[in-house]
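Here are the chains, one letter per residue:
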Protein chains: 2
Amino acid sequence: MQNASSDLDTVVMKFGGSSVAEPERIRHVAHRLVAARESGRRVVGTVSAMGEATDSLLELASRVSASPNARELDMLLSTGERVACALVAIAVHDLGHEAVSFTGSQAGILTDAVHTRAKIREITPVRVLRALDEEKIVLVAGFQGFSRETMDVTTLGRGSTDLTAVALAAALGASCEIYSDVPGVFTADPRIVPDARRLARVSYEEMLEMAASGARVLMLRAVELARAHGVPLLARSSFSDDPGTWVHHGEEMEQPIVSAVTHSDDIVLFRLREVPGRQGAAAAVFEALAAEHVTVDAVLQATARMAEVSFSIRQEDAAGARLAVERMRSELGPVALGELAELGSVSLVGAGMRSHPGVAAKMFRTLGEEDVEVRLVSTSPIKITVTVARRDVARAVRSVHAAFGLGEDAAVATAN
Amino acid sequence: MQNASSDLDTVVMKFGGSSVAEPERIRHVAHRLVAARESGRRVVGTVSAMGEATDSLLELASRVSASPNARELDMLLSTGERVACALVAIAVHDLGHEAVSFTGSQAGILTDAVHTRAKIREITPVRVLRALDEEKIVLVAGFQGFSRETMDVTTLGRGSTDLTAVALAAALGASCEIYSDVPGVFTADPRIVPDARRLARVSYEEMLEMAASGARVLMLRAVELARAHGVPLLARSSFSDDPGTWVHHGEEMEQPIVSAVTHSDDIVLFRLREVPGRQGAAAAVFEALAAEHVTVDAVLQATARMAEVSFSIRQEDAAGARLAVERMRSELGPVALGELAELGSVSLVGAGMRSHPGVAAKMFRTLGEEDVEVRLVSTSPIKITVTVARRDVARAVRSVHAAFGLGEDAAVATAN
């Protein structure tokens, strides 16, 4: 006996660009959607553009204009997800199930009118709900919405189909499954640490710190939104039946002290000397960086009269940071700039370290034993990040991962 | 001094897929739109998908499903024109003019809900008019509309961007310029008849006959719509400044007796013998053909008791015609079928031949002198079509073109 459809669980399943890059993969996605439907759930799929489709459209636009109009760029880029969605819907029909695809505006994803980086304001999924009631599998084009003021198509920024998925799940009271080419969240990057373990569960807070410090499984904004609305998130593989990693409220769980080691290897360190030590100098530094949309990873400020400010940023933000320093010089007078590239960062993340003050000490001791020189440190209640030479990153990740017993072997050893 | 914008002439300019196949060509289209705007007109552009984009999308769909769902196919295919439109708008902005692109639904192109071959019901171009009043160049995605009943995207059939352009022109009280890779309508195909002349003007009726008999400059449905709404049509080249060919009401013009020779070389002749000569037999034949969407070019029916019916069709309709014959056999009993391929047709078109009965005689005499065997004849008040062997088509076109003095040389000779 089937329940009334409105009593059934609803799931939003999101598939990234690599999961729909080829017709065979699109058929595979359709199979997964159909399997979820046949298990009795109400199913919404949301997909990114196929493979490199968005890059191809951007390339076309750049060949037509050096600075493409933002409204028209949104009109252009939003087609990529529509193509992928329609193809998945066609594939579902081919499997004998009813499906219907909606654009962002048809799905009621209302945003502000800031083209190329719009923010979702509200979701009114009237057509989605009606189609679910008709027992259809619903596909929603990711990455895009619609401004009610201008009646124009908007996009939410690169990689934002995760955001579409979470926002839809919040509006539908659904859980959200994010499918990608990795089988979940790991204690470290398995390419660097062979015995890295898949985590069965992490808290939103840990996932936020991990996404901010190099883990690319889930988009930062999507995790923030899931946390704000309490949407249970499952990160899993499109290509296997591994159970994946659940991301949800940490309070429900027995917290391990540390959960994972993350890293990045594209860090640049800026060191400003002879910054006048007067009130507001540090503020001027960060205002100038924010004006250039530079995200700062870690900061060190010496407090002498002529202050020294060091901060680390991603390589991709280096040009913007140099512009910001020029601006500071015009405001604060001559400031000496030192720039150190070829750096990386290693972060230890764990909600349990809040109440365990010895974690940082153990991490530094481990790095010292490995002769890894630490350039800069930043901490939060659930994360410690060190900036190190790029050539030291892999060794640092492996040693910290082992020291905290995060690996498969360690888990087995502990169990014995 | 510029007039109030509402007093300015409005022009709808349509560019085909080859005119927007590459970024440089898109920039060229933008230049043409801007030039028209700078000449003081209100400008609406409508474009097809880039080059082979629609074929690529169809190919993707066919790899996902052998029989793609029609609603989803429309969702998929409509993206091609949106991409081209957004890119043209980006290129116009790059030239320092304001532009805005609209999807079919944003432009108010309302259709019925018959997916993949919808018919336009009404155009409510509220946003187009507002943008024109704001002195913007407006781009409208061709080939597509929107069903008010289902709230879904529809498409109008292959090659239907001409139809979008004419329908918009009718709704806006505008003239319509169709840009393609040929510089207008010619007295014959210049690849076959080197001295073929561009016609400065033809009537809607002549253009309909020419489009139906092989001239591919303008889409038949678009010419019908232009005629019904009295929209002046100009067919011209994207790649030159040639003045092109005006298509409008014949009554305004001094009519030449004949205007052009058209041809096609993909004709198949079906010959049904032993068709019972009872009332309704011919009707059964044509009903069966219509059920398979087969367009019949020419028909010959002998009127003995056991009738013989011959009809010519396009090669692409041959499979459908064979299906139709199977259906006839089940209804009328055994019918003998002869099929003759490797045929073509040659048509002489001219609004002036209505009042000149000698035209057919002169055409047959000319073909006879060239030893061209005529298999089938069909006529209308302004057209004579003969079905001939494919190998005779070029020779027949050249001889008829010369006999009626349609070429450049003949025009010069007459003028002397």
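Numbers given to residues run from 1 along each chain, matching the order in which its sequence is written. As they are written, the chains are lettered A onward and the ligands numbered 1 onward, keeping that order. Where local features are concerned, this predicted model is filtered to residues with pLDDT of at least 70; where side-chain atom pairs are given and counted, the filter is 80 or more; whole-chain, interface and lining totals use all residues.

This part is about the packing of helix H10 (residues 358-369) of chain B against helix H11 (residues 393-403) of chain B. Residue and element names in this part refer to chain B. Two elements in contact, H10 and H11, have axes whose closest approach is 9 Å; the angle formed by their N-to-C orientations is 130°. Regarding the angle of H10 to H11, the classification is oblique. Classified by chirality, the crossing of H11 by H10 is right-handed. Of the residues in H11, those touching H10 at Lys362, Met363, Thr366 and Leu367 are Ala396, Ser399, Val400 and Ala403. Inter-axis angles, ranging from 0 to 180 degrees, are taken between N-to-C directions of lines fitted to C-alpha atoms, where helices are fitted over the stretch in contact. Per the convention used, a helix needs a DSSP run of H or I reaching at least four residues, while a strand needs a run of E reaching at least two, with both numbered from the N terminus. Angle categories: roughly parallel below 35 degrees, roughly antiparallel above 145, roughly perpendicular from 65 to 115, and oblique for all the rest. Crossings are assigned a handedness: left-handed for a near helix turned anticlockwise from the far helix by less than a right angle, right-handed for a clockwise turn. What counts as a contact is two residues whose backbone-derived C-beta atoms lie within 7 Å of each other.

Let us now look at the sheet that holds strand E4 (residues 109-111) of chain A. Strand pairing in a sheet takes place through backbone hydrogen bonds and is either antiparallel or parallel in direction. Residue and element names in this part refer to chain A. Strands are treated as partners if at least two bridges between them are detected by DSSP. Ordered in space as E5-E4-E7-E8, the 4 strands form an open sheet in which the pairing is mixed. Edge positions in the open sheet fall to strand E5 (120-123) and strand E8 (152-155), since each of these has one partner strand only. The average angle at which neighbouring strand axes cross in this sheet is 45°, direction not considered. Sheet topology places E4 next to E5; 3 bridges connect them, and they run antiparallel. What sits directly across from Thr111, in E5, is Ile120. Taken strand by strand, helix H3 (residues 70-94) contacts strand E7 (144-147) and E8, and its axis lies near 70° from that of E8.

Residues and elements named next belong to chain A. In this analysis, the expected span of each helix is defined as 1.5 Å times one less than the number of residues it contains. Taking 1.5 Å per residue, 25 residues should reach 36 Å; H3 reaches 37 Å between its end C-alpha atoms and fits that length. As a rule, residues whose C-beta atom has 12 or fewer other C-beta atoms within 10 Å are exposed, those with 20 or more are buried, and those in between are partly exposed; C-beta atoms are placed from the backbone. With respect to burial, H3 is a largely interior element, 23 of its 25 residues being buried. Downstream of H3 by one or two residues, Gly96 has phi in the positive range, about 90°.

An automatic or database domain assignment supplies the residue ranges for each domain. The domains assigned to chain A are domain 1 (8-181) and domain 2 (260-415). With centres defined by C-alpha atoms, the gap from domain 1 of chain A to domain 2 of chain A works out at 36 Å.

All right, on to the sheet that holds strand E2 (residues 42-47) of chain A then. All names here are of chain A. Taken together, 8 strands build an open sheet; the order of strands is E3-E6-E2-E1-E9-E11-E12-E10 and the sheet is mixed. If you trace the sheet from one side to the other, it starts and ends with strand E3 (99-102) and strand E10 (201-203), each paired once. On average, each strand axis in the sheet is inclined to that of its neighbour by 20°, with strand direction left out of account. As paired elements, strand E1 (residues 10-15) and strand E9 (residues 175-180) share 5 bridges and run parallel to each other. Bridged to Lys14 within E9 is Ile178. Strands in contact with helix H1 (residues 23-38) are E1, E2 and strand E6 (137-141); relative to E1, the strand with the most contacts, it is inclined by about 170°.

A few words on the environment of Arg216(A). Looking at the element boundaries, Arg216(A) is found in the loop between helix H6 (204-212) and helix H7 (220-229). On a C-alpha basis, the gap between Arg216(A) and Pro243(A) in space is 18 Å, while along the polypeptide they are 27 residues apart.

Residues and elements named next belong to chain A. Note that E9 and strand E11 (residues 233-237) share 5 bridges and pair parallel. Each residue of the ladder has a partner; that of Ile178, found in E11, is Ala235. Of the strand pairs in this sheet, E11 and strand E12 (residues 245-248) are connected by 3 bridges, and their pairing is antiparallel. Paired with Ala235 across the two strands is Thr245, which belongs to E12.

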